[in-house]
Amino acid sequence: EYIAFLDSDDLWLPDKLEKQLEVFRTSNDSSGIVYCSMIRLEKGIATLHSNHYRGQVNIENVLEKGGIATSRIMVRKSTLENIGTFDESLPAFEDWELEMRISKIRSFVSIEEVGVIQRRFGKGVYYNNPVSALSGLEILLDKYKKEIIRNKYVMRRFYSTIGNSYCLINKCSTGIRYFVKAMTVGGYIHLRLWFQIFTALLGTDVYKISQRFYRKLRNIVLNLLWTRRIWIQKIPKNIRRFLTQFESNKKLLVNRFYLWRM
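Please read all numbers here as calculations on a predicted model, not as lab measurements.

Thresholds, definitions, all that
- Residues numbered from 1 in each chain as written.
- Predicted model: local features only at pLDDT ≥ 70, side-chain atom pairs only at ≥ 80, totals over all residues.
- Heavy atoms only, no water.
- Helix = DSSP H or I, 4+ residues; strand = E, 2+ residues; numbered from the N terminus.
- Buried < 20%, exposed > 50% of the residue type's maximum accessible area, 1.4 Å probe, protein only.
- Contact = heavy atoms within 4.5 Å.
- Phe/Tyr/Trp six-rings, centres within 6.5 Å; stacked < 30°, edge-to-face > 60°.
- Lys NZ or Arg CZ within 6 Å of the ring centre and 35° of its normal.
- Core = buried A, V, L, I, M, F, W, Y, C linked by side-chain atoms within 4.5 Å.
- Salt bridge = Lys/Arg side-chain N within 4 Å of Asp/Glu carboxyl O.
- Axes fitted to C-alpha atoms, helices over the stretch in contact; angles between N-to-C directions.
- Parallel < 35°, antiparallel > 145°, perpendicular 65-115°, else oblique.
- Left-handed = near helix turned anticlockwise from the far one by under 90°.
- Expected span 1.5 Å × (residues − 1).
- Polar contact = N/O pair within 3.5 Å; in protein donor to acceptor, adjacent residues only side chain to side chain.

**Student:** How do you make sense of the environment of glycine 115 when you look at a structure like this?
**Tutor:** Secondary-structure assignment places glycine 115 in strand β6 (residues 107-119). The class of glycine 115 is buried, set by a relative accessible area of 2%. For the pair formed by glycine 115 and tyrosine 35, sequence separation is 80 residues and the distance between their alpha carbons is 8.8 Å. Glycine 115 has contacts with Leu11, Trp12, Leu13, Lys16, Cys36 and Ser37, leaving out every residue within four places of it along the chain.

Encoded structure:
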């Protein structure tokens with residue numbers, strides 16, 4: 001009757017499924033997804049991801065915010081029978097696309113309690129395989145163009161992300177064209193796009209170095225301005241015990257975690 005997903009590197013807390021089932025049993029039939037909060041472990045930092053969306057969820061919200069990690073969600077089997085499962089023609093972002101389809105016909109319900117520990121050991125498909133990411137983004141742009149063009153922010157982000165992917169695979173001239181498209185949609189006063197165009201003109205190697213620098217600088221600023229630091233003693237005891245018991249990779253265990261405001 002209900003289906004939940006667990007990625008190979010992730011961990012469910014013992015009561016995760018029970019809490020999601022209880023929400024489904026007490027909610028109306030319009031709810032298609034119940035998702036929980038998540039702690040992400042990456043490079044010695046634990047980040048709390050709680051309510052992904054605010055208010056009523058629709059496809060525009062899903063496009064703008066990006067997909068919820070599949071290990072966090074539980075979905076009604078009847079919903080998947082209605083809309084189908086993952087689109088296997090997509091080389092990337094198939095989980096995000098599934099949530100787009102679900103958002104057209106069903107509501108999303110969030111649980112504030114942490115139910116998932118996500119362990120990140122690398123940069124993910126976008127950086128490890130930019131060719132697959134690029135192909136997936138272009139398919140999504142074609143498939144959902146009607147919904148994407150309604151929101152200038154989403155349209156600009158799609159164009160700029162596609163441009164970035166082209167630059168990562170040594171096709172900077174094509175990437176620059178997409179950066180210019182992003183500017184025509186979202187306005188020409190956008191410093192990051194100008195920075196990307198300038199560094200792309202210098203070639204792929206310079207572009208990659210500049211993007212690594214940008215991401216590090218951005219993370220520092222976000223940690224200073226947009227997060228609230230909480231000592232590990234504030235993490236609920238059941239989660240601390242769970243991490244100590246089941247996380248064999250001690251490098252992922254941390255001294256503190258950050259509450260990331262979604």
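**Student:** So what exactly am I meant to see when it comes to the packing of aromatic side chains here?
**Tutor:** Any aromatic ring pair is given by two values, namely how distant the centres are and how the planes are angled relative to each other. Evaluated as defined, the whole model comprises seven aromatic pairs. Note that lysine 181 overlies the ring of tyrosine 178, its terminal NZ or CZ placed 4.8 Å from the centroid.

**Student:** Just checking my understanding: could you explain the nonpolar core for this structure?
**Tutor:** Nonpolar side chains in soluble globular proteins generally cluster together in the buried interior. With 45 residues, the main nonpolar core has Leu63, Trp96, Met100, Phe108, Leu140, Ile148 and Phe158 as its most contacted residues. Among the elements of the structure, β3 (31-42), α2 (59-65), β5 (73-76), α4 (94-105), α6 (130-143), α8 (152-168), α9 (172-186) and α10 (191-201) are those that each provide at least two residues to this core. In terms of residues, this core owes the most to one element, α8, which gives eight residues. When sequence neighbours within four positions are dropped, the list of residues in contact with phenylalanine 108 reads Ile33, Tyr35, Tyr53, Val57, Ile68, Glu99, Ile102 and Ser103.

**Student:** Whenever I open this one, the pattern of salt bridges confuses me. Can you help?
**Tutor:** Pairing is possible between side chains that carry opposite charge, provided their charged atoms lie close to one another. All told, the structure shown has six salt bridges when counted by the stated rule. For lysine 19, the salt bridge goes to aspartate 15, with nearest N and O atoms at 3.1 Å. Overall, aspartate 15 belongs to the partly exposed group, its relative accessible area being 23%. Among the ionic contacts, a cluster of salt bridges with common partners joins Asp87, Glu97, Arg101 and Lys143.

**Student:** What exactly am I supposed to notice about the packing of α9 against α10 here?
**Tutor:** If you want to describe how two helices pack, look at the angle between their axes and the distance between the axes. Where α9 meets α10, the axes come as close as 10 Å, and the angle between the chain directions of the two elements is 165°. The angle between α9 and α10 falls in the class roughly antiparallel. The hand of the α9/α10 crossing is left-handed. In this structure, α9 contributes Cys172, Ile176, Phe179, Val180, Ala182 and Met183 to the contact, and α10 contributes Leu193, Trp194, Gln196, Ile197, Ala200 and Leu201.

**Student:** I keep staring at α6 and nothing clicks. Help me out?
**Tutor:** Residues that lie three or four places apart on an α-helix share one face, since the helix turns once every 3.6 residues. If you check α6, its first and last C-alpha atoms are 20 Å apart, about what 14 residues at 1.5 Å a residue would give, namely 20 Å. Among all positions in α6, only Pro130, Ser132, Ala133, Leu134, Gly136, Leu137, Leu140 and Leu141 are buried.

**Student:** Quick question: what am I supposed to make of the side chain of arginine 119 here?
**Tutor:** Inspection of the secondary structure puts arginine 119 in strand β6. Classification of arginine 119 by relative accessible area gives buried; the value is 15%. There is a polar contact of 2.5 Å between the side chain of arginine 119 and the backbone oxygen of aspartate 9.

**Student:** I tried to follow the environment of phenylalanine 195 on my own but got confused; where do I start?
**Tutor:** As for its placement among the helices and strands, phenylalanine 195 is situated in helix α10. When its relative accessible area of 32% is taken as the criterion, phenylalanine 195 is described as partly exposed. Distance in space between the C-alpha atoms of phenylalanine 195 and serine 210 is 8.8 Å, their sequence separation being 15 residues. With residues up to four places along the chain from it excluded, the contact list for phenylalanine 195 reads Ser210, Gln211 and Tyr214.

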